[in-house]
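Below are the chains, spelled out letter by letter.
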Amino acid sequence: MPGVKPSTVPGRLLAEVVSMMKIRFLDPNGVENVQERINSDPEFRIAAKYMSQDILIAADDQQCIFKVRDGVITKIMVNPSPMEPWDFFIKAPEKSWELFLRLLPPPFFHSLFGATIREDFRFGGNVEAMFTHYWATQRMLTILRQFQNEPGGKS
Amino acid sequence: MRLESITGKYGYITVHGVKYRVYFEESGEGVPLLCQHTAGGDGRQWRHLMNDEEVTSKYRVVAVDLPYHGRSLPPESVEWWTEEYKLTKRFFMDFLVEFSHALGLDRPVFIGCSMGGHMALDLALECPDEFRAVIGLESAEFTPGLDIIWFNHPRISGEFRFANLFESTAPSSPEKYRREVGWVYSQSAPPVFRGDLHYYSVEHNVTDQLHQIDTSRIAVYLLCGEYDFASTPEMCQQTASKIKGAKYTEMKGLGHFPVIENYELCKTYLMPILEEISKIHG
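What you see is a predicted model; the values in this text were computed from it and never measured. (Residues numbered from 1 in each chain as written. Chains lettered and ligands numbered in written order. Predicted model: local features only at pLDDT ≥ 70, side-chain atom pairs only at ≥ 80, totals over all residues.)

Another aspect to go through is the overall build of chain B. Each helix and strand in chain B was counted, giving ten helices and eight strands. Here the C-alpha atoms of chain B give a radius of gyration of 17 Å, agreeing with the 19 Å that 2.2 N^0.38 yields for 282 residues. Counting every position in chain B, which comprises 282 residues, the buried fraction comes to 52%. For chain B, the share of sequence-separated contacts (at least 6 apart) that also reach a separation of at least 24 residues comes to 74%. (Helix = DSSP H or I, 4+ residues; strand = E, 2+ residues; numbered from the N terminus. Rg over C-alpha atoms; globule rule 2.2 N^0.38 Å. Buried ≥ 20, exposed ≤ 12 C-beta atoms within 10 Å, placed from the backbone. Contact = placed C-beta atoms within 7 Å.)

This is the structure we're talking about:
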């Protein structure tokens, strides 16, 4: 965001020392579970009702694409081909995703918007589509956070 | 039916030659406490404070909806639909002073959140004799970069504001009140939030003037929620450090909407200040 300077916050320092955790939604073995969790969420079903978008999510060099059609996640592609199309992306270093996915994230990592204007999350591509479906995207990320913190979720 | 102590009224005031019909609520008796809502919000944000007997036993709490906000409609004498809505500092400040005079408030304490927090600084600078103290929540000298096109765009619905302002609260605040923040934000007319951000993020800039605030004439208290990414604690603290005699408090576990997202926690920070003001400046 032009004019918005990242602040020095405990979260940024924390990112340097955070213990390494596996990001569960990037694990090909957990994809079906993630898909089922999001599609069965009552709030996501309302928020995503008119959504048909492909969302690229990247953590360093790990990537996945959530394919949403008429409010339903039809496929999650882990480590897709670079030729695979997408509409908008959300990218951050893995260590920042680990902070974002905490049940009680440090300040600014609790929000996609906050983590972008004050930290090192970035979004791009068809930004208009992302803001159109911001509620659904936000809810999807919240479910990923819940999923990350379920028993057995941390390596 | 259990009735709250809050009463609502409509009144007419004239600012810059234009007559406005404005809605305001009040509760309590004592030192007048004038409450200013956030950008794109309205006076409902103060409902917990106005229902708190510990506050209303000492303070006459008044919360006004700015014109174009809440139940204060646009003025009848202006073709407002032919002009882009933008809140200006001059109108904002003059409206508040005029409203205070119209109600006969005697040098009220001013408390405002977000753009209201910014206004606390502008009032302390330009109207120190009109108020006995200002309390700025989520206040900063300058918050550039947040006048964003997507806050008022024909293809982006109010649903974006609903979600975006919800996540401006702290994650530990009660879910029901976090959602209430989003609810109120989804209800403003399309141009209002971004129009208010013209003041919040473009026009309000007191970076080079803060040293002129004289806290012997008007007490200044600034507080900021730990999770506020719009006006961060770092920015608020820096602002306070430039005002001799100003008091700064970081509110742990709170976000951009402390008085509504978690009033009980906010109160632990706010009440000592209200006690101090009523003792020293009451």
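Having seen it, we continue.
All names here are of chain B. In this model helix H4 (residues 115–126) runs 16 Å from its N-terminal to its C-terminal C-alpha over twelve residues, within 8% of the 16 Å that 1.5 Å per residue would give. Counting buried residues in H4 gives ten out of twelve residues, a clear majority hidden from the surface. Inspection of H4 places Met115, Gly116, Gly117, His118, Met119, Ala120, Leu121, Asp122, Leu123 and Ala124 among the buried residues, and these make up the whole buried set. In this structure, the buried residues of H4 make contact with strand S3 (31–36), helix H3 (89–102), strand S5 (109–113), strand S6 (133–137), helix H7 (192–203) and strand S7 (219–225). (Expected span 1.5 Å × (residues − 1).)

Once that is clear, we can look at the interface of chain B and chain A. At the interface, 19 residues of chain B touch 22 residues of chain A. With five residues, helix H5 (residues 158–166) of chain B is the largest single contributor of residues to the side of chain B that touches chain A.

Once that is clear, we can look at the confidence of the model for chain B. Scored by pLDDT, chain B has a mean of 97; 100% of the residues are at 70 or more. The ipTM for the predicted assembly is 0.94, set against a pTM of 0.93. (pLDDT = per-residue confidence, 0-100.)

Within the largest apolar cluster, 124 residues are counted, with the highest numbers of intra-cluster contacts made by Val134 and Val220 of chain B. The contacts of Val220 of chain B, once residues within four sequence positions are left out, are Ala124, Val134, Ile213, Thr215, Ile243 and Ala246 of chain B. (Core = buried A, V, L, I, M, F, W, Y, C linked by C-beta atoms within 7 Å.)

Let us look at the sheet that holds S3 of chain B. All names here are of chain B. Overall, mixed pairing links the eight strands, which are arranged S1-S2-S4-S3-S5-S6-S7-S8 in an open sheet. Only two strands of the sheet have a single neighbouring strand rather than two, namely strand S1 (7–15) and strand S8 (247–251). Taking the axes of each pair of neighbouring strands and ignoring which way they run, one obtains an average angle of 20 degrees across the sheet. Bridge count for S1 against strand S2 (residues 18–27) is nine bridges, and the pairing is antiparallel. Paired with Thr14 across the bridge in S2 is Lys19. (Pairing = 2+ DSSP bridges. Axes fitted to C-alpha atoms, helices over the stretch in contact; angles between N-to-C directions.)

Attention now moves to the packing of helix H2 (residues 31–39) of chain A against helix H7 (residues 134–148) of chain A. Packed helices, taken two at a time, are described by their axes: the angle between them and the distance between them. All names here are of chain A. Taken N-terminus to C-terminus, the directions of H2 and H7 make an angle of 130 degrees; their axes are 10 Å apart at the nearest point. In terms of orientation, H2 lies oblique with respect to H7. In this structure, H2 crosses over H7, and the sense of that crossing is right-handed. Counted together, Val34, Arg37 and Ile38 of H2 and Met140, Ile143 and Phe147 of H7 form the full contact between these two elements. Looking at side-chain class alone, the contact of H2 with H7 contains five nonpolar, no polar and one charged residues. (Parallel < 35°, antiparallel > 145°, perpendicular 65-115°, else oblique. Left-handed = near helix turned anticlockwise from the far one by under 90°. Nonpolar A, V, L, I, M, F, W, Y, C, P; charged D, E, K, R; others polar.)

Here we take up the pairing of S6 of chain B. Residue and element names in this part refer to chain B. Within S6, five of the five residues are buried, which leaves it mostly tucked inside the rest of the structure. Burial along S6 is two-sided: Ala133, Ile135 and Leu137 and Val134 and Gly136, pointing in opposite directions, are all buried. Where S5 lies against S6, five bridges are found, and the strand directions are parallel. Across the sheet, the residue bridging to Ile111 is Ile135, located in S6.

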